[in-house]
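# Chain and residue survey
Below are the chains, spelled out letter by letter.
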Amino acid sequence: MVNKDFTIVRRAECNGVIFRVVRTDRGAGHKAMQAKDTIVNESSGKQRTETRAKWLALFSNKKWKEIPEE
């Protein structure tokens, strides 16, 4: 999940589904919004890789909450 300042949240719940960031790719010349993050749906196991700007657009209108690391 991505905050409006393009920082990532490692685990979050959205509509009863837990999502977890498993990988972040950020090159030396990339800005924060150009970094690519791979997020896993823990229910289905499906992975998806998008830029942080795309993740922000996908989740900005949904209610989600951060789950603290265990």
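Shown above is the structure to which this text applies.
## Section: the pattern of salt bridges
- Inspection of the entire model under this criterion finds six salt bridges.
- Among the salt bridges present, the one from arginine 11 reaches glutamate 42, with a minimum N-O distance of 3.3 Å. With arginine 11 in strand S1 (residues 11-14) and glutamate 42 in the loop between strand S3 (36-41) and strand S4 (47-51), this residue pair connects regions lying 31 residues apart in the sequence.
- Residues glutamate 42 and arginine 20 are paired through a salt bridge, measuring 2.6 Å at the closest nitrogen-oxygen approach. Taken together, the positions of glutamate 42 in the loop between S3 and S4 and arginine 20 in strand S2 (residues 17-25) put the pair 22 residues apart, joining distant regions of the chain.
- Judged by relative accessible area, which is 32%, arginine 20 ranks as partly exposed.
- Here the residues in one salt-bridge network are Arg11, Arg20 and Glu42, joined through shared partners.

## Some details on unusual backbone geometry
- With a phi close to 55°, asparagine 15 is a non-glycine residue in the positive phi region.
- For asparagine 15, the position within the fold is in the loop between S1 and S2.
- Taking relative accessible area as the criterion, asparagine 15 reaches 67% and is therefore assigned exposed.

## With respect to the sheet that holds S4
- As summarised here, the arrangement of the five strands in space is S4-S3-S2-S1-S5, forming an open sheet in which the pairing is antiparallel. Both outer strands of the open sheet, S4 and strand S5 (64-66), are each paired with one neighbouring strand and no more. Taking the axes of each pair of neighbouring strands and ignoring which way they run, one obtains an average angle of 30° across the sheet.
- Across four bridges, S1 lies against S2 in antiparallel orientation. Residue pairing in the sheet places glutamate 13 in a bridge with isoleucine 18 of S2.
- Running at roughly 110° to S4, helix H1 (residues 52-59) makes contact with S1, S2, S3, S4 and S5 of the sheet.

So, how was this worked out
Residues numbered from 1 in each chain as written. Predicted model: local features only at pLDDT ≥ 70, side-chain atom pairs only at ≥ 80, totals over all residues. Heavy atoms only, no water. Salt bridge = Lys/Arg side-chain N within 4 Å of Asp/Glu carboxyl O. Helix = DSSP H or I, 4+ residues; strand = E, 2+ residues; numbered from the N terminus. Buried < 20%, exposed > 50% of the residue type's maximum accessible area, 1.4 Å probe, protein only. Pairing = 2+ DSSP bridges. Axes fitted to C-alpha atoms, helices over the stretch in contact; angles between N-to-C directions. Contact = heavy atoms within 4.5 Å.

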